[in-house]
Amino acid sequence: MLAVCVLVHLATIIYAVQGGLTAAEILGRTRGNHAWLAFYTVFVLAVSVHAPIGLRAVFLEWLRWRGASRDIALALFAGALAWMGMRAVLAVFA
Amino acid sequence: MDGNASGARGVRVKKGSSYWVAIVHRVSGIALAIFLPLHFWALSTALQLDAFLAWTRQPAVLVAEWGIVVALAAHFAGGLRVLALEFLPWHGRQKTLAALAAGVTALVGLVLALAL
Amino acid sequence: MKVSVWKGGADGAFQEFEVPRLPSQTVLDVVTHIQRALDATLAYRYACRVGMCGSCAMTVNGVPRWTCRTHVDKVAFHDRLKIEPLKNLPVIRDLVTDMSVFFDKWARARGQFSGTRTKNEDFHAVKPDSASRVQADAAIECIGCGVCYSACDVVAWNPGYLGPAALNRAWTLVNDERDAAKLERLRAVSGDAGCHSCHTHMSCTERCPKHLSPTAAIAGLKREIVTALIRGEL
């Protein structure tokens, strides 16, 4: 599912970046756009789950971090990502 | 030196291509994990977006942006490789998947460089 | 040529020897020469010396190999050789490692066959060209030499990781239609210590002297586990 999101996101950004970028252009497209809101909500939540899972392996193998403290830290990171992500999405949508 | 002897794939090469693809996948993932909170924070300051966008015109930032998109493409390609390895029936030519991943990444990097 | 050999235990050091270079010489020939002519205290393992038993596995110039099957000509650049014990295993002395961890993990991965028939019943006939038997046969030739285990980065990074050989053996048994312990085995190989920690670096497959592919076996285990999860068996 993330693969699809990433593809859509990449394509969108490359298209959007053509010929420069202004706030007005971005916001003109995102404000009140429910399809956009739905898509990016899914994207943010998926990423908030995916990133900590990947980092878990890195923490275990490269930082030798084991046990509950690591998983709690990752859960907090997941929460933080979801929180910041949704704030960003809502800020640009509302 | 004959790199094909005894089934060894190049005597000096200690790590194969799959290793490097996996390392790129990991490092790009770490880069993205660091980048994402900053990205979200930047977007949430939507009211001052123009000022922020002006700042992103700086060459150093443009290069960094290109870098992070390449990282995303690399991580994406590596991820597809992992999914293919794990869910599709096994083929001997899995190394070509590594090459494919690298190729797709390069393609995206190029496209973005042109767009920017 | 100059040969650096690890001497001592975990906190030992390299010792240099001057060894005559001969045609068709193998690394095992070099080690044997050192022990017989230069340093009788050198400890090392070998048995068949013809590439069948896997006892002579050591790290040669940073790469785990069977020393009896490694020609000096192929590895000695600038007339230098560096010989160490296999990585990722505790060193007993010099070039000899303690393989018990390697085999313990084999057991923890449930690498043993669990049959159901007794001697009073007829044999179970397995078709050699059945899909699962073909999969098992592709991985069955492992002789437990430890080269893959020594080459694996994840084993080095995660001491609990069962490793390519143990997981490869588990895969052959998962594909053995006579075996009765499939679900327990799948449980044994899932989790942080199991197949999900493999990041497909493929160093094991690169280095296996019998040209097996533990990476393929581990990918197969991952697939089996997902299938079992979806079916609600796990």
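Residues numbered from 1 in each chain as written. Chains lettered and ligands numbered in written order. Predicted model: local features only at pLDDT ≥ 70, side-chain atom pairs only at ≥ 80, totals over all residues.

### Here we look at unusual backbone geometry
All names here are of chain C.
So, step 1. The phi angle at asparagine 61 is positive, at roughly 50°, despite the residue not being glycine.
So, step 2. With respect to the helices and strands, the residue asparagine 61 is situated in the loop between strand E3 (57–60) and strand E4 (63–66).
So, step 3. A residue is classified by how many C-beta atoms lie within 10 Å of it, and asparagine 61, with 19 of them, is partly exposed.
So, step 4. Of note, the phi angle at arginine 110 is positive, near 55°, even though the residue is not glycine.
So, step 5. Tracing the backbone through its elements, the reader meets arginine 110 in the loop between helix H3 (100–108) and helix H4 (131–139).
So, step 6. Classification of arginine 110 by C-beta neighbours within 10 Å gives buried; the count is 22. (Helix = DSSP H or I, 4+ residues; strand = E, 2+ residues; numbered from the N terminus. Buried ≥ 20, exposed ≤ 12 C-beta atoms within 10 Å, placed from the backbone.)

### Focus: the confidence of the model for chain B
All names here are of chain B.
So, step 1. Averaged over all residues, the pLDDT of chain B equals 69, while 59% of them reach at least 70.
So, step 2. When pLDDT is averaged over each helix and strand of chain B, the minimum, 65, is found for helix H4 (residues 94–115) and the maximum, 83, for helix H1 (residues 17–44).
So, step 3. Per the prediction output, this complex has pTM 0.82; the corresponding ipTM is 0.73. (pLDDT = per-residue confidence, 0-100.)

### Thoughts on helix H3 (residues 59–87) of chain B
So, step 1. Compared with an ideal rise of 1.5 Å per residue, which puts 29 residues at 42 Å, H3(B) spans 42 Å between its outermost C-alpha atoms and is within 8% of the ideal.
So, step 2. Every buried residue belonging to H3(B) is among B:Val69, B:Ala71, B:Leu72, B:Ala73, B:Ala74, B:His75, B:Phe76, B:Ala77, B:Gly78, B:Arg81 and B:Leu85, and all of these are buried. (Expected span 1.5 Å × (residues − 1).)

### What to know about the environment of C:Glu84
Residues and elements named next belong to chain C.
So, step 1. Looking at where glutamate 84 falls in the secondary structure, it is placed in strand E5 (residues 80–84).
So, step 2. By the C-beta count within 10 Å, which is 20 here, glutamate 84 ends up buried.
So, step 3. Through-space distance from the C-alpha of glutamate 84 to that of glycine 111 is 29 Å; in sequence the pair is 27 residues apart.
So, step 4. If we skip the residues at most four places from it in the chain, glutamate 84 touches Trp6, Met58 and Thr59. (Contact = placed C-beta atoms within 7 Å.)

### A word on helix H3 (residues 34–62) of chain A
So, step 1. For H3(A), with 29 residues, the first-to-last C-alpha span of 41 Å sits near the 42 Å given by 1.5 Å per residue.
So, step 2. Buried residues belonging to H3(A) abut helix H4 (68–93) of chain A together with H1 of chain B.
So, step 3. Two residues or fewer after H3(A) comes A:Arg64, characterised by a positive phi angle close to 55°.

### A few points about the packing of H3(A) against H4(A)
Residue and element names in this part refer to chain A.
So, step 1. One way to put it is that H3 packs onto H4 with a least axis distance of 9 Å and a crossing angle of 160°. Looking at the two axes, H3 sits roughly antiparallel to H4. For the pair H3 and H4, the sense of crossing is right-handed.
So, step 2. The residue inventory of the contact of H3 with H4, partitioned by class, reads 19 nonpolar, three polar and two charged. (Axes fitted to C-alpha atoms, helices over the stretch in contact; angles between N-to-C directions. Parallel < 35°, antiparallel > 145°, perpendicular 65-115°, else oblique. Left-handed = near helix turned anticlockwise from the far one by under 90°. Nonpolar A, V, L, I, M, F, W, Y, C, P; charged D, E, K, R; others polar.)

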